[in-house]
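# Commentary on secondary and tertiary structure
One letter stands for each residue in the lines below.
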Amino acid sequence: MAIFGAANAGRILIAVVLVWLLLILFIGGPLLRRNDSDYSAINGENAELILARLSRATSELSALKAQNEELRNLLQNYIPLEVQIKKATNVLNDESHGTQSIETLKQFEETRRKLSFNVNELWHYLRTHFNSSVMNTITEHRNNLLYDINFLEKRDFSLKKKELRDLAALVNKAIKDLQNPKDCSSAKKIVCQLNKGCGFGCQLHHVAYCLITALATGRTLILNSHQWRYASSAIRTKKSVNSRWDLVFKPLSDTCTDDSGSSRGAWRGNDDHMQVIDIPIIDTLRPRPPFLPLAIPEQLSQKLQTLHGAPIAWFIGQIVRFIMRPSPELEDYLNKAKARLKFKTPIVGVHVRRTDKVGTEASYHTLAEYMQFVEDYYNKLELFNERNGVVKKVERNVYLATDEPSIWNSEVKQYEKQGYNFIGDSNIAKTASLSNRYSFDSLKNIILDIWLLSESDHLVCTFSSQVCRLAYELMQTRGVDNKDLKIDWSDAFISLDDIYYFGGQSEHNQIAILSHKAKDKQEIDFKVGDTIGIAGNHWNGFSKGVNRRSQQNGLYPGFKTIEEVKTAYFKAFDEI
């Protein structure tokens, strides 16, 4: 490429020199052909004309000389052109020089994410219609397409990372300011009881709902955790603590933990006159306010929809991360356990939930069902490495979190023989059993599982599990550190059952961007612009839902819809 360009530049240089010589002959030719008698006839007027011609010729020759010098410099600098292009690209990508804005990026980012989603939806459809030998070729082709799409994600990388970091800092500051009012005695408060009869993930999401309500109403959250099902009252550290919650997490406030006030009442939806409000669990909250999930703060909406593929998961991730800030003792335990387990990347986090979920909220899934997607992830990673010129074989690490200890003995070994390195501890699974679930050891270990699952490069689990969804939400808070090479983690998962949801959420809608005519009784019709209430993705190219206009319920191709992002006013973000 460089040699071809240099040859062209050389030909251009020779052509300019020839044009220069011809111009000299054209301008100076008449002067050379004149004889003595011609010169004697020249009067003053002709002399002025010739002088003007000579002056113009000199000026044009000077310009040509400058052009010749410019071409010479171009010829000399042509070979390192790639270096110049790289420098120009760095300037364009640098947020201090670039003129690109978040607003102008929105359409590009949404289109890129939609393209990636459609490629994967097509792959899910094809894998249910073709045998494995055909799918091997199709999968390789899909992975190659995803590499090219992934390359597009690098556009304006520094700008997007900075904006997402600033957005996360803004949310965190709003929470801290709200939770630490200047005068606790006069502050408006919401009181949340941590007594919901469910497991750890469910209880953490209950606290998240309480904090979301606090942010939306501009009230300080007071958490009453004395009736928490975890950690026996006999368990205490040497240091004094205010509640069982403080054994593992930092307090939600440093300055305001008193729930007293001049007036107090239950949630009614129009409680501005009341200083203290008690709120029930999300399932029984009436009236239901517009700010409940899946709504995101309208003040953050524009930027968040541009920067992230799952805005609600990112927002709840920020809430959960604040809630789950580990106490010094727990942080020490997590760091030591991570070192003991030799947690390392690349790694796929696998969460296998069985025991009480199977037969009630979820179906039984063998480890093989999870591992097919683990294998798919590592095959994709190896193709990415090959495209990047990396020839080193990928180490296939798997972090296994489960409440079923027998998996380690009965199902893991066959995959270890295939070269997979499983990281985890069967003793952790034993503490997650129904008989030990609410012990202090179980509490510490389930938090460990959630944090390590969230730190994996890819997550394979069932979204019917609140533990899995917690890990996914925490995963979305990554991408803001300088070492992170990925900003948006919304697509870093495979769920064997449900799509992402928040327990007790408002309706989840999609908007039709293509019309659809049902091909059988199982499918539904819709027009462009119709609202489709999605119930789930069957992971075969089709989703299930209801057409809000016609009330027709059934299957439809997911690629014909886009997400409807709901927004609501949040008082805590008023000053943005």
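Reading the values: the criteria
Residues numbered from 1 in each chain as written. Predicted model: local features only at pLDDT ≥ 70, side-chain atom pairs only at ≥ 80, totals over all residues. Heavy atoms only, no water. UniProt positions renumbered as here; feature names shortened; annotations may be inferred. 1 Å grid on protein atoms, 1.4 Å probe; cavity = no way out; pocket = protein on both sides within 12 Å on 5 of 7 lines; lining within 4 Å. Points joined across faces, edges and corners; volume = space filled by probe spheres on them. Helix = DSSP H or I, 4+ residues; strand = E, 2+ residues; numbered from the N terminus. Nonpolar A, V, L, I, M, F, W, Y, C, P; charged D, E, K, R; others polar. Buried < 20%, exposed > 50% of the residue type's maximum accessible area, 1.4 Å probe, protein only. Lys, Arg positive; Asp, Glu negative; His and termini not counted. Salt bridge = Lys/Arg side-chain N within 4 Å of Asp/Glu carboxyl O. Contact = heavy atoms within 4.5 Å. Core = buried A, V, L, I, M, F, W, Y, C linked by side-chain atoms within 4.5 Å. Pairing = 2+ DSSP bridges. Axes fitted to C-alpha atoms, helices over the stretch in contact; angles between N-to-C directions. Phe/Tyr/Trp six-rings, centres within 6.5 Å; stacked < 30°, edge-to-face > 60°. Lys NZ or Arg CZ within 6 Å of the ring centre and 35° of its normal. Disulfide = S-S within 2.5 Å. Parallel < 35°, antiparallel > 145°, perpendicular 65-115°, else oblique. Left-handed = near helix turned anticlockwise from the far one by under 90°.

In the annotation of an unreviewed UniProt entry, the protein is listed under the name GT23 domain-containing protein and assigned to Leptotrombidium deliense. Per UniProt, the protein carries the Sequence similarities (unreviewed entry) text "Belongs to the glycosyltransferase 23 family."

The next point concerns empty space enclosed by the protein. Within this structure, the stated rule accounts for 2 cavities of 30 Å³ or more. By volume, the largest cavity amounts to about 40 Å³. If you go around the largest cavity, the residues you meet are Tyr399, Leu400, Ala401, Thr402, Trp408, Asp425, Ile428, Ala429 and Asp449. The element best represented in the lining of the largest cavity is strand β7 (residues 397-402), accounting for 4 residues. Grouping the constituent residues of the lining of the largest cavity by class yields 6 nonpolar, 1 polar and 2 charged. Looking at the second largest cavity, its volume works out to about 30 Å³. What lines the second largest cavity is simply Glu109, Arg112, Glu153, Lys160, Leu307, Ile487 and Asp488.

As for its placement among the helices and strands, arginine 469 is situated in helix α17 (residues 466-475). One buried charged residue, arginine 469, remains without a salt bridge, the closest side chain of opposite sign being glutamate 473 at 5.3 Å. Arginine 469 has contacts with His205, Phe463, Ser464, Tyr500, Tyr501 and Gly503, leaving out every residue within four places of it along the chain.

Core analysis: the largest hydrophobic core is formed by 105 residues, its most contacted members being Phe200, Met324, Tyr399 and Ile447. In terms of residues, this core owes the most to one element, helix α8 (residues 200-217), which gives 11 residues. If we ignore the near neighbours within four places in the chain, the residues touching phenylalanine 200 are Trp228, Tyr230, Phe249, Met324, Leu443, Ile446, Ile447, Ile450 and Leu470. If you look at the next biggest cluster of nonpolar residues, it comprises 27 residues, including Val350, Val352, Tyr378 and Val394.

Mapped onto the fold, tryptophan 228 is located in the loop between β2 (220-224) and β3 (264-266). Take tryptophan 228: its relative accessible area is 2%, and that puts it in the buried class. Residues tryptophan 228 and tyrosine 438, 210 residues apart in the sequence, show an inter-C-alpha distance of 9.7 Å. The contacts of tryptophan 228, once residues within four sequence positions are left out, are Leu194, Phe200, Gln203, Arg244, Trp245, Val248, Phe249 and Leu443.

Here the focus is the sheet that holds strand β12 (residues 531-537). With respect to topology, 5 strands assemble into an open sheet ordered β14-β13-β12-β11-β15, the strand pairing being antiparallel. Two strands in the sheet have a free side with no partner beyond their single neighbour: β14 (553-557) and β15 (561-563). Across this sheet, the average inter-strand angle for adjacent strands is 45 degrees, counted without regard to direction. Relative to β15, strand β11 (residues 509-512) is paired through 3 bridges, and the arrangement is antiparallel. Residue pairing in the sheet places alanine 512 in a bridge with threonine 561 of β15.

Aromatic rings in a pair are described by how distant their centres are and how their planes are angled relative to each other. Applying the stated criterion across every chain, the model contains 19 aromatic pairs. Considering the side-chain rings of phenylalanine 343 and tyrosine 399, the 5.9 Å spacing of their centres and the 70 degrees angle between planes classify their relative orientation as edge-to-face. Taken as a pair, phenylalanine 343 in the loop between α11 (328-341) and β6 (347-352) and tyrosine 399 in strand β7 lie far apart in primary sequence, 56 residues in all. Of the two residues, phenylalanine 343 and tyrosine 399, both sit in the buried class. On the numbers, 6.2 Å between centres and 45 degrees between planes, the contact of phenylalanine 570 with phenylalanine 573 is tilted. Of the two residues, phenylalanine 570 and phenylalanine 573, both sit in the buried class. Each member of the aromatic cluster is reached from another via a ring pair, and the members are Phe200, Trp228, Tyr230, Trp245 and Phe249. The ring of phenylalanine 108 has arginine 155 lying over it, and the distance from NZ or CZ to the ring centre is 4.1 Å.

Taken as a whole, this structure holds 4 disulfides when the rule is applied. A sulfur-sulfur distance of 1.9 Å marks the disulfide that ties cysteine 461 to cysteine 468. Look at cysteine 461 and you get buried, because its relative accessible area is 0%. In the protein, the cysteines engaged in disulfides, taken in order along the sequence, are linked 1-6, 2-5, 3-4, 7-8.

Here we come to unusual backbone geometry. That bond from proline 293 to leucine 294 is cis: its omega, 25 degrees, falls within 30 degrees of zero. As for its position among the elements, leucine 294 is in the loop between β4 (276-278) and β5 (296-297). Following threonine 345, the chain continues into proline 346 via a peptide bond in cis, with omega recorded as 0 degrees. Among the structural elements, proline 346 can be located in the loop between α11 and β6. Even without glycine at this site, aspartate 156 takes up a positive phi of about 55 degrees. Positionally, aspartate 156 belongs in the loop between α6 (132-152) and α7 (157-179).

Two numbers describe how helix α5 (residues 102-127) lies on helix α12 (residues 367-387): the axes approach to 15 Å, and their chain directions differ by 130 degrees. In terms of orientation, α5 lies oblique with respect to α12. The handedness of the crossing between α5 and α12 comes out as right-handed. For the pair α5 and α12, the contacting residues are Trp123, His124 and Arg127 in the first and Gln372, Phe373 and Asp376 in the second. Residues belonging to the contact of α5 with α12 are distributed by class as follows: 2 nonpolar, 2 polar and 2 charged.

What follows deals with the layout of surface pockets. Within this model, the second largest pocket holds a volume of roughly 770 Å³. In terms of lining, the second largest pocket is formed by 29 residues, of which the most central are Leu178, Gly218, Lys571, Ala572 and Phe573. Among the secondary structure elements, those contributing two or more residues to the lining of the second largest pocket are α7 and α8. Among the residues forming the lining of the second largest pocket, the class breakdown is 14 nonpolar, 5 polar and 10 charged.

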